[in-house]
Amino acid sequence: MDLDERIQRLAAAAEPTFWGFLGCEFVSIKDDVITIALEAKQQHLNLIGIVHGGVLSSLLDNAMGIIVMTARPEDKVVTTNLNVHFVAPLKEGRLLVSAEIIHQSRKMITTQGRVTDSEGNLGTMGTGTFRVI
């Protein structure tokens, strides 16, 4: 089974979980960078009309977690640290989230991710550390 097919199966298995509740979708994996998307709707917004920080944090955690799972398909991994920087507000519409691994050892994996709007404007960026259990 190729990597793209494994990710499609992973996304399908995640559909009844928080991934599906948010409305995440797999877009692509290329050159060790995964891209997922969310069509941000009113339920994803906060009271001032921008995408809620918890939604953006969850998107980063999801994308970074998937890239880690593709690197270590036989292992179970959990997030141990998530750093999020909200650099510009994001509004309703299609959000793209990319993630890649920047370092790994036997038991720890460090990732970075970005959330942009459909025009490529950066709204949120972050890093995540995952423990192999």
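Every chain begins its residue count from 1, and numbering advances along the sequence as written. Reporting in this predicted model follows two pLDDT cut-offs: at least 70 for local features of residues, and 80 or more for side-chain atom pairs to be given and counted; totals over whole chains, interfaces and linings ignore these cut-offs and use all residues. To obtain the side-chain values, all non-hydrogen atoms of the structure were used and water was disregarded.

The name given to the chain in an unreviewed UniProt entry is PaaI family thioesterase, and the organism recorded there is Paenibacillus sp. SYP-B3998.

(A) How the structure looks around the overall build of the chain. Think of it this way: any DSSP run of H or I at least four residues long counts as a helix, any run of E at least two long counts as a strand, and we number them from the N terminus. Tallying secondary structure elements over the chain gives three helices and six strands in all. Only the C-alpha atoms count toward the radius of gyration. The rule for a globule is 2.2 Å times the residue count to the power 0.38. Taken over C-alpha atoms, the radius of gyration comes to 14 Å for the chain, in line with the 14 Å a tight globule of 133 residues would show. With the C-alpha coordinates aligned to their principal axes, the bounding extent of the chain is approximately 45 × 25 × 25 Å. For the chain, the proportion of its 133 residues judged to be buried stands at 39%. Every residue pair with non-hydrogen atoms within 4.5 Å of one another is taken to be in contact. The contacts of the chain with a sequence gap of at least 6 include a subset with a gap of at least 24, amounting to 62%. Looking at the chain, you have 12 positive and 15 negative side-chain charges, and the mean spots of the two groups are 8 Å apart. Exposed residues in this analysis have more than 50% of their type's maximum accessible area, buried residues have under 20%, and partly exposed residues fall in between, with area computed by a 1.4 Å probe over protein chains only. In summary, the charge assignment counts Lys and Arg as positive and Asp and Glu as negative, without counting His or the chain termini. Charge coordinates come from a single atom per side chain, which is NZ of Lys, CZ of Arg, CG of Asp or CD of Glu.

(B) How the structure looks around the pattern of salt bridges. The rule for a salt bridge is simple: a side-chain nitrogen of Lys or Arg has to be within 4 Å of a carboxyl oxygen of Asp or Glu. Considering all chains together, one arrives at three salt bridges under this definition. When the shortest N-O distance is used, the salt bridge between Arg-9 and Glu-5 registers 3.4 Å. Of the two residues, Arg-9 and Glu-5 are both situated in helix H1 (residues 3-14); the distance of four residues between them amounts to about one turn of the helix. Since its relative accessible area comes to 35%, Glu-5 is described here as partly exposed.

(C) Up close: the nonpolar core. Among buried residues, those of type Ala, Val, Leu, Ile, Met, Phe, Trp, Tyr and Cys that are joined through side-chain atoms within 4.5 Å constitute a nonpolar core. Ile-34, Val-51, Leu-59 and Leu-95 are the most contacted members of the largest nonpolar core, which totals 32 residues. Examining the composition of this core, we find that nine residues originate from one element, helix H3 (residues 53-71), more than from any other. With sequence-adjacent residues up to four places away left out, Ile-34 is seen in contact with Ile-7, Phe-26, Ser-28, Ile-29, Ala-63, Ile-66, Ile-67, Val-97, Ser-98 and Ala-99.

(D) Region of interest: the UniProt feature "domain: Thioesterase" (unreviewed entry) in the chain. Here, UniProt's "domain: Thioesterase" (unreviewed entry) annotation points to residues 49-123. The annotated region residues 49-123 carries 25% helix and 45% strand content, and the separation between its end C-alpha atoms amounts to 14 Å. UniProt positions are given in the numbering used here, feature names are shortened, and annotations may be inferred rather than shown by experiment.

(E) Structural detail: the sheet that holds strand S2 (residues 33-40). Here the rule is simple: two strands pair whenever DSSP picks up at least two bridges between them. Pairing is antiparallel across the open sheet formed by six strands, whose spatial order is S1-S2-S4-S5-S6-S3. The open sheet has two free edges, formed respectively by strand S1 (25-30) and strand S3 (77-86), since each of these has just one partner strand. The average undirected angle you get between the axes of adjacent strands in this sheet is 25°. Bridge count for strand S5 (residues 108-117) against strand S6 (residues 122-132) is nine bridges, and the pairing is antiparallel. When the sheet's bridge partners are listed, Thr-111 is paired in S6 with Gly-128. On top of the sheet, H1 reaches S1 and S2; it is set at about 160° to S1, its chief contact. Here H3 sits on the sheet and contacts S1, S2, S3, strand S4 (93-104), S5 and S6; the angle it forms with S4, its principal contact strand, is near 45°. Under this scheme, a helix contributes an axis fitted over its contacting stretch, all axes are lines through C-alpha atoms, and angles between N-to-C directions fall in the 0 to 180 degree range.

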